[in-house]
Amino acid sequence: MSSPLVPDHFSLEFAVRPNILTFPKYITSTSDDVKARSAISLDANENSAGSCLAAGSMVPCCMQDIIDMGNLNRYPSASHKALRQQIAQWRQLKCIITLTHLIVTAAIDHLCLGSGASDILDLIIRATCTPGRDTLLIAPPTFELYRVCATLHEVRVKECAQELTAEGDFRLPIEEICTTLSTDDRIRVVFLASPGNPTGSLIPLPQIQRILDLKEFRGIAVVDEAYIDFAVASERASALRLLPKYNNLIVVQSLSKYHGLAGIRVGMAIAHPILTGILAKVQMPYKLSSVALSLAYQALSAKGLDRARELQRQIMDNRAALIRILGDPTLARNGVGRPIGGNAANFVVVPIHARTIEASSPSSLPELGKRDDMRARRIVDRLRDAHGIAVRYVGGQPSCTGCMRITVGTVKEMEALRTALECVLREC
């Protein structure tokens, strides 16, 4: 930790809790980045007789080809070395950071894995913020889990609300954020979602750089990119491009969305090795099971990535179709507004308006009334209760009054949504 960090105003001693800095990393018998396991492993109190699934009678053959059923009696890798190598190759981390202040670092050292991106976010707060003393900054409307985690850890939350532009997109209040960071030395970490949830909007990289370059802010900026692969030209939009220059940056991603693997819970922090090393110290061992590791490794194989790209294309095509459906004149006449936000994720946010004033001519659309928050709630409830279709009410967030968030579904699911919406809008 003695090597200098960039930018030079970034202070590890300020950003990370003092007890975490001095706490030694817990080493388990399966920390295979430290040493390989012995052929005869009698050191971890495992069931040396084997696994109850090893015979294969309870597991389909296709799964046996992926998962080593005969090794489930052993604890999984505590360092996730093989999977981190796969992720580093997928995200081309060897091309992003290979040399820092004349210290050679392996690409996998820039990765810390957890049980989903939510685990990583919680881990960051635990490592940086002292309960009852420190503060984190968010820019609502944004992912509600940031506030939940902060509350659980008794960390204060400061808000700089995003602005809804006349064009219907959300804009980060960068001047307000920089002023707040410059005047409040209790803020240890800033959480930014790009694309945002529920906004679906991307944060321009120069705005993120403004925060990273701010000399008065000695803490860490976290960019949550759970949905980044659904953005057009996602590689150019990702904050991963900033990692070679900034050590005070953590990019959070996962396999949940793009790869369609929310069920196996694999998330990642990508940052300077000093920061990922600190997160690894705070983390409990064995966060990822052997099954999750095996499935994730397969997902990042050439075949798995080809399939993920195919799923990505389907989602982006269906997203455009969903936006067209929501713009249908029949729905518009009944109060469905034009989607707001950046539409760069796998969901769309749509406002619900009061019953409309009739159009002056049959060929024109009626004038929309004000957003109707109660009506939006009723529509969400009615879709669920009468039609078995779940969408998310997000009207409680700033600038989202009367809005619901609709995840992009299959063609069949979206046609069912159109039909159900037409019915529910007449009822509500």
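Read on for an overview of the structure. Because the structure is a prediction, the values reported are computed rather than measured.

Definitions and limits used
Along every chain, residues carry numbers that run from 1 in the direction the sequence is written. Given that this is a predicted model, residues contribute local features only at a pLDDT of at least 70 and side-chain atom pairs are listed and counted only at 80 or more, while totals for whole chains, interfaces and linings are drawn from all residues. The side-chain values count all of the structure's non-hydrogen atoms but skip hydrogen atoms and water molecules. What counts as a helix is a DSSP run of H or I of at least four residues, what counts as a strand is a run of E of at least two, and both are numbered from the N terminus. Relative accessibility under 20% of the residue-type maximum defines a buried residue, over 50% an exposed one, and the middle range a partly exposed one, all with a 1.4 Å probe and only protein chains included. Two residues form a contact once any of their heavy atoms are found within 4.5 Å. Here the accessible surface of atoms and residues is derived via Shrake-Rupley with a 1.4 Å probe, and residues count as covered only by protein chains that are part of the display. Note on method: axes are straight lines fitted to C-alpha atoms, helices fitted across the in-contact stretch only, with angles between N-to-C directions ranging 0 to 180 degrees. Each angle gets one of four labels, with under 35 degrees taken as roughly parallel, over 145 as roughly antiparallel, 65 to 115 as roughly perpendicular, and the rest as oblique. Helix crossings are classified by the rotation of the near helix relative to the far one: an anticlockwise turn of less than a right angle makes the crossing left-handed, while a clockwise turn makes it right-handed. The classification used treats Ala, Val, Leu, Ile, Met, Phe, Trp, Tyr, Cys and Pro as nonpolar, Asp, Glu, Lys and Arg as charged, and all other residues, Gly among them, as polar. Side-chain atoms within 4.5 Å are what join buried Ala, Val, Leu, Ile, Met, Phe, Trp, Tyr and Cys residues into a set we call a nonpolar core. Polar contact is defined as a pair of N or O atoms within 3.5 Å, subject to the rule that within protein one atom must be able to donate a hydrogen and the other to accept it, and that residues adjacent in sequence are counted only when both atoms are side-chain atoms.

1. Concerning the overall build of the protein
- Counting its regular elements, the protein contains 16 helices and 14 strands.
- When burial is assessed residue by residue, the protein has 54% of its 428 residues classed as buried.
- Counted over contacts in the protein with a minimum sequence separation of 6, partners at least 24 positions apart contribute 70%.
- Total accessible area on the protein stands at roughly 19800 Å², and carbon and sulfur atoms take up 53% of it.

2. Thoughts on the packing of helix H13 (residues 302-326) against helix H16 (residues 411-427)
- Between H13 and H16, whose axes approach to 11 Å, the crossing angle comes to 15°. For the element pair H13 / H16, the angle class is roughly parallel. The chirality of how H13 crosses H16 is right-handed. Residues Asn318, Ala321, Leu322, Ile325 and Leu326 of H13 lie in contact with H16, whose contacting residues are Val411, Met414, Glu415, Leu417, Arg418 and Leu421.
- Looking at the contact of H13 with H16 residue by residue, the class counts come to eight nonpolar, one polar and two charged.

3. Observations regarding the nonpolar core
- Within the largest apolar cluster, 51 residues are counted, with the highest numbers of intra-cluster contacts made by Leu83, Leu181 and Ile208.
- Setting aside its immediate chain neighbours within four residues, Ile208 contacts Leu192, Ile203, Val223, Ala239 and Leu242.

4. Comments concerning the side chain of Ser77
- In this structure, Ser77 sits in the loop between helix H3 (61-66) and helix H4 (81-90).
- For Ser77, the side chain forms a polar contact with the main-chain nitrogen of Ser79, separated by 3.3 Å.
- Within the structure, Ser77 has its side chain in polar contact with the backbone nitrogen of His80 (distance 2.8 Å).

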